[in-house]
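The primary structure of each chain is shown beneath.
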Amino acid sequence: MILEEKKKIKLSVRNLVEFVMRGGDIDNRRTSGADKDAMQAGSRIHRKIQRRMGADYRAEVVLKHVVEEENYQIVVEGRADGIIEAAAEVTIDEIKGVYLDVNRLEEPVPVHLAQALCYGYFYCCDKELNQIGIQVTYCNIETEEIRRFKQEKTFEELTQWFEGLIHEYIKWAEYLYRHELRREESLKELEFPYAYREGQKELAVSVYRAISRGRKLFIQAPTGIGKTLSTVYPSLKAMGEGYGEKLFYLTAKTITRSVAEDCFALLREHGMFFTTVTITAKEKLCPLDKTECNPDACPYAKGHYDRVNDAVYEIIHQESGITRELVLQYAEQFQVCPFEFCLDISNWVDGIICDYNYVFDPNARLKRYFADGVAGDYLFLIDEAHNLVNRAREMFSAVLVKEDILTVKRILKGKNKKVERALERCNKNLLEWKRDCEGYQVLEEISLLASNLMGLFGELEAFMEEEREFADRDLVLDFYFQVRHFLNMFEGLDEHYRVYTELGNDGNFRLRLFCIDPSKCLSDCLEKGRGTVFFSATLLPIRYYKKLLSGNLEDYAVYAQSPFADEKRLLLIGSDVSSRYTRRTVSEYRKVVSYIEMLAQSHKGNYLVFFPSYSYMEAVRRQLEELYDGSFLWRSQENRMTEEAREDFLADFETERQQSFVGLCVLGGIFSEGIDLKAERLEGAIIVGTGLPMVCTEQEILKNYFEEKGENGYDFAYQYPGMNKVMQAAGRVIRTVDDRGVILLLDDRFLRPDIQEMFPREWSEYGSVTRATVTGWLERFWDETTASQ
């Protein structure tokens, strides 16, 4: 008789102790909170301490313990920083690197001690020991001063302690066991909800194959093929076959999160049992006018951790697709912080829909999944992946502004001499570079400043812990987090970075750690999972995105065929107009106005015009007002539009009119991607210029970096990002298989072979037009497509 293997419920030691032991208030006035260890710098100090220990010291020892229940096993696992296997006694060593003065610590932080106790218990079980030493080692990252807290524990004491800890987790494990059985059965039986469109089945097969093999896949797929469903469905089927335990659907914009929610809702209507939560930014969830996460300012923060587990238990038993609205509803019912509540829900659902930040950003990533030593069978679906290059560069870069140091110094004058002296040392370092800087300067070495920043950070942390209330404390706290991020990024500096100083137009002097190639940083996160799918309508050239998102040119790639009939799309290139800086004259702006008028007059419909900048749009708008004949209606995008103003702008595309309507927008702005204007809501777009970024310090450093690496620096810094914006804007026109529309590219550079090499396959056929010939092309297209409808 073959016994069926019990189902395993896995969790990390860290997650177990943090989940069971928490209680009390949320209080962001504490700079370090329960988790006093630093991030990347902490890892470095770990290794340093471990190397100093003797021959009887074993570093980074993986330990796990199995708790047997009737139907399943709870597998708790983690990595002990060190085990001292001396002849007289064995000691577990839990190491924490901190910026805080270690002499201020009177006892180990409870969760740090709890981690060490777990490892002590596991080791005693494995080696059948009756007693073991438990040690928590704190090391100041700047001074390397060490303080150790050690105690002896018997196996009986550890057993009693661990049984009490795991008892608190049992009802949650029971939930996971029953939930996962039902989920797996549901996913195995799940059918694709529609008949496959052309190219959709092949796309789904590619996704399943990549996930089952634990590989990364890049998908270039035109809008309208059904990318979301074609990636989500095979991912769920793979999970049903055991290739994954949690799915992350990552997006850059709110609208694509809604698309993902709708996709999961559709599959639930077809019998799927799969729970999801959408993580929303703290500012959009906070019920207060000002986000102040402390018990004095917020009633939800007071006693939050005493109530939140009950709230989580209730919502996961009642809801399947947990949206922002549901989070707010339950948070109000249980009087808990909606944002922290939302993060806790993520532990117990099958899928997480969230911004890129929650997986990649060192300051926002979900530590429960992506902290050091934590990994899982995660699947990552990265929507609109072309956005991730710039977003990742921002996440893994850091900046220090000299004027911010002076501002903090002024705020803290007379409050703390040690902090003031530390601020002055950092200011002097920056002042020396400022004297030598004309424009910008690339630096090879900043170790002295980094050392001074570590000292400043330690003093500032101690000061902020003691001083909870003073004028402009929020500005000092922001600066504290900037310094922490800078130090963490400094620890990760490698050949993918450039360090430079710049005197900005605003008079501020900045030192920037610029992450140019984020592939290693991203891969460090993605390697904690099983498989990754990057998908977008504009992942061209694919080699560029492979290089910057995964760093592996051997990753799988698929180019999905467009399901649209070519005859329903008209691509035209205006050969008699240019947006080059040297050609930006009134006569050139008037040519653009002529093209707008001819498109609007050729067929009653809604159109968008995308300009390379606000100033260019304003210049054309002035000519349009002067030449306007009243034959169509128009409106221009405003700078820094509110959410309400954006919605109002888009609402104009819903209105029935007797005339054409034209919206004037900025290329690469809020209306050039992520909006979904189907059928008659949008029937054409004019794109002025090739989308090249403005020449600036950042772009020039990018260009020089890639040239040093043997690449075409101009393409990597200017051409590829520019064409991506063009293709995104053009993608607003054809949204479904029933749509028809015109894409008019206004710039003679679009006729150059090197530019056309970057065109998607479906742009192979185009017409080269002038103002004299464009009307004939347009009229013929509208006549033919109207006749075929």
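Our subject is the structure listed above.
Rules of the game
- Residues numbered from 1 in each chain as written.
- Predicted model: local features only at pLDDT ≥ 70, side-chain atom pairs only at ≥ 80, totals over all residues.
- Heavy atoms only, no water.
- Helix = DSSP H or I, 4+ residues; strand = E, 2+ residues; numbered from the N terminus.
- Rg over C-alpha atoms; globule rule 2.2 N^0.38 Å.
- Buried < 20%, exposed > 50% of the residue type's maximum accessible area, 1.4 Å probe, protein only.
- Contact = heavy atoms within 4.5 Å.
- Areas by Shrake-Rupley, 256 points an atom, 1.4 Å probe, with all protein chains shown as cover.
- Lys, Arg positive; Asp, Glu negative; His and termini not counted.
- Charge placed at Lys NZ, Arg CZ, Asp CG, Glu CD.
- Axes fitted to C-alpha atoms, helices over the stretch in contact; angles between N-to-C directions.
- Parallel < 35°, antiparallel > 145°, perpendicular 65-115°, else oblique.
- Left-handed = near helix turned anticlockwise from the far one by under 90°.
- Nonpolar A, V, L, I, M, F, W, Y, C, P; charged D, E, K, R; others polar.
- Core = buried A, V, L, I, M, F, W, Y, C linked by side-chain atoms within 4.5 Å.
- Patch = residues over 30% accessible without salt bridge, like charges linked within 9 Å, V, L, I, M, F, W, Y side chains within 5 Å.
- Salt bridge = Lys/Arg side-chain N within 4 Å of Asp/Glu carboxyl O.

> What is the right way to look at the overall build of the protein chain in this model?
For the protein chain, the count of helices and strands is 28 helices and 25 strands. Its C-alpha radius of gyration of 29 Å places the protein chain within 12% of the 28 Å reference for a compact globule of 789 residues. With respect to the three principal axes, the spread of C-alpha positions in the protein chain is 95 × 75 × 50 Å. Going through the 789 residues of the protein chain one by one, you find that 57% of them count as buried. Within the protein chain, counting contacts between residues at least 6 apart in sequence, those at least 24 apart form 79% of the total. Working note: accessible area of the protein chain is about 33800 Å², and carbon and sulfur atoms make up 45% of it. Averaging the coordinates of the 103 positive side-chain charges in the protein chain and doing the same for the 130 negative ones gives two points 3 Å apart.

> Sorry, what's going on with the packing of helix H5 (residues 170-189) against helix H10 (residues 304-318) here?
Their axes nearest at 12 Å, the elements H5 and H10 cross at an angle of 15°. Relative to H10, the element H5 lies roughly parallel. By crossing handedness, the relation of H5 to H10 is classed as left-handed. For the pair H5 and H10, contact is made by Lys-171, Trp-172 and Tyr-175 and by Asn-309, Val-312, Tyr-313, Ile-316 and His-317, respectively. By residue class, the composition of the contact of H5 with H10 is five nonpolar, two polar and one charged.

> Even after reading the chapter, I still don't get the packing of H5 against helix H7 (residues 227-240), so can you show me in this structure?
In helix packing, the relevant descriptors are the interaxial angle and the interaxial distance, both defined with respect to the helix axes. Here H5 crosses H7 at 125°, and the two axes come no closer than 8 Å. Looking at the two axes, H5 sits oblique to H7. Where H5 crosses over H7, the two elements pack in a sense that is left-handed. Of the residues in H7, those touching H5 at Arg-183, Glu-184, Leu-187, Lys-188 and Glu-189 are Leu-236, Lys-237, Met-239 and Gly-240. Here the contact of H5 with H7 is built from residues that sort into three nonpolar, one polar and five charged.

> Explain the nonpolar core here, please?
Side chains that are nonpolar tend, in soluble globular proteins, to be buried together. Within the largest apolar cluster, 195 residues are counted, with the highest numbers of intra-cluster contacts made by Tyr-169, Phe-341 and Phe-360. Per-element accounting of this core gives the leading share, eleven residues, to helix H3 (residues 110-127). Phe-341 has contacts with His-304, Val-308, Ala-311, Val-312, Ile-315, Val-327, Tyr-330, Ala-331 and Val-336, leaving out every residue within four places of it along the chain.

> I tried to follow a negative patch on the surface on my own but got confused; where do I start?
Together, Glu-292, Asp-472, Asp-474 and Asp-478 line one region of the surface with negative charge. Following the sequence through the fold, Asp-478 ends up in helix H19 (residues 473-491). Residue class for Asp-478 comes out partly exposed when judged on its relative accessible area of 45%.

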